[in-house]
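Chain and residue survey
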Amino acid sequence: MEEKTGFFQSGRDYESRYVNHRYLSYEKKILSQYESVDYFSPHSKVYKEWVAKQPARFEWDRWVTMGCIGFLVGLTAFVMHQGISLISESMHEVALNQIEESKIGEGWAVLTGISIILVLLSSSIVVIWCPAAGGSGLPELIAYLNGTNVRRIFSLKTYVVKFISCLLAVGSGLPVGPEGPMIALGGLIGASVSQFKSKVLKLDIALFKRLRNSEDRRNFLTAGAGAGVSAAFGAPVGGLLFAMEEVSSFWSDKLGWQTFFCCMVSAFTAVSSVSMRL
């Protein structure tokens, strides 16, 4: 049951800035869903001993992972754009056939009806199946990079629901675009694929086990978000600049080159796939 406070009671939303806010029970319940995490890897004695036993790979495993992330983000962008085009072309073809038969009213009704059905499907799967996939996903992504671990935003279910929902929403003709969700999908791919581990797919590749730490995961997430911009607009430099200026909370020259490589692979995959289809 929601608690109520009096007008002059301490803990209200509107009060002096010198008064500490008193969290109510429902606010504490909301805050309990989030977790604050550190950016840097742990540097305990046990961790240092474990790292010392790992074989030297000269960073090649991180570059390979960046390439895999870029390829998957580019492939995701290609499938999404082709799906949107297919839905739009099919809708307008049905309406055009009605118009050619001088059934303008019926053509308008068919086009409007299909659009409404697609919008309802797009919103329903988010509300019913996976609310964490709602919106563009950028606030949750940026929150994670700033130390707030939001639950269920990097799951396979979130990826599938966000992809299908964006596909149906954009294909229906709504004044929205796939660019925002593509950035979130890129970050999701970067955060998930880099771990090479999945409970749903029963996958656990121990070769890149040393990359399963908070610092590397956020670096891959940053690169994935940049790759999403690169695939959506075909602009690797734009993806790099977006990741550096808008998304990341930590930056280095090495991360910059790795992110740029990931963005180039993403743009090349998306553009090449379209060329091969044509």
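Coordinates for the structure precede this section.
Position numbers for residues count from 1 along each chain, tracking the sequence in the order it is written. It should be noted that, the model being predicted, local features are given only for residues of pLDDT at least 70 and side-chain atom pairs only at 80 or more, the latter also being counted only at that level, while totals for whole chains, interfaces and linings use all residues. Neither water nor hydrogens contribute to the side-chain values; these are computed over all heavy atoms in the structure.

Here's the deal with the overall build of the protein chain
- Here a strand is any run of E in DSSP of at least two residues, a helix any run of H or I of at least four, and the numbering for each starts at the N terminus. A count of helices and strands for the protein chain gives 10 helices and 4 strands.
- If you take every contact in the protein chain between residues at least 6 apart in sequence, the share linking residues at least 24 apart comes to 73%.
- As displayed, the protein chain offers around 16,300 Å² of accessible surface, 64% of which is attributable to carbon and sulfur atoms. Between two residues, a contact is recorded if the distance between any of their heavy atoms is within 4.5 Å. Here, Shrake-Rupley sampling with a 1.4 Å probe gives the accessible areas, and only protein chains in the shown set may cover a residue.

Comments concerning the environment of Leu241
- Assignment of secondary structure puts Leu241 in helix 9 (residues 236-247).
- Between the alpha carbons of Leu241 and Val229 there is a distance of 9.7 Å; along the sequence they are 12 residues apart.

Some thoughts on the packing of aromatic side chains
- Each Phe, Tyr or Trp ring, with Trp reduced to its six-membered ring, pairs with another whose centre is within 6.5 Å; inter-plane angles below 30 degrees give stacked pairs, above 60 give edge-to-face pairs, and intermediate values give tilted ones. Enumeration over the complete set of coordinates arrives at 3 aromatic pairs.
- When the ring of Tyr144 is compared with that of Phe154, the centres are 5.0 Å apart and the planes differ by 85°; the resulting orientation is edge-to-face. Of the two residues, Tyr144 sits in helix 5 (residues 138-145) while Phe154 sits in the loop between strand 2 (148-150) and helix 6 (156-171), which places them 10 residues apart along the sequence. Taken individually, Tyr144 and Phe154 each receive the classification buried, so the pair is uniform in this respect.
- With 6.4 Å between their ring centres and 20° between their planes, Tyr159 and Phe163 make a pair best called stacked. With Tyr159 and Phe163 both in helix 6 and 4 residues apart, this pair spans about one turn of that helix. The cut-offs for exposure are 20% and 50% of the maximum accessible area for each residue type, with area from a 1.4 Å probe on protein chains only; residues under the lower value are buried, those over the upper are exposed, and the others partly exposed.

With respect to the nonpolar core
- Judged by nonpolar contacts, the single largest core of 28 residues is most densely connected at Met66, Ile69, Val73, Met80, Ile87, Met182 and Cys262.
- Taken together, the elements giving at least two residues each to this core come down to helix 3 (60-100), helix 6, helix 7 (179-193), helix 8 (214-233) and helix 10 (253-277).
- Per element, the largest residue contribution to this core is 8 residues, and it comes from helix 3.
- Setting aside chain neighbours within four positions, we find Cys262 in contact with Met66, Ile69, Gly70, Ala223 and Ala227.
- The definition of a nonpolar core used throughout is a set of buried Ala, Val, Leu, Ile, Met, Phe, Trp, Tyr and Cys residues joined through side-chain atoms within 4.5 Å. By size, the runner-up hydrophobic cluster in this structure holds 13 residues, among which are Leu141, Ile153, Ile183 and Leu188.

Looking at helix 4 (residues 104-129)
- Between its terminal C-alpha atoms helix 4 stretches 37 Å, which fits the 38 Å expected from 26 residues at 1.5 Å a residue.
- For helix 4, the set of buried residues is Gly107, Ser115, Leu118, Ser122 and Val126.
- On the buried face of helix 4, the contacting elements are helix 3 and helix 6. A helix is expected to span 1.5 Å for every residue after the first.

Some points on a nonpolar patch on the surface
- On the surface, a nonpolar cluster with roughly 300 Å² of combined accessible area is contributed by Phe71, Leu72, Leu75 and Val79.
- With a relative accessible area of 42%, Phe71 lands in the partly exposed category. The patches reported here contain residues having more than 30% relative accessible area and no salt bridge. Joining distances are 9 Å for like charges and 5 Å for nonpolar side chains (Val, Leu, Ile, Met, Phe, Trp, Tyr). Any Lys or Arg side-chain nitrogen found within 4 Å of a carboxyl oxygen on Asp or Glu counts as a salt bridge.

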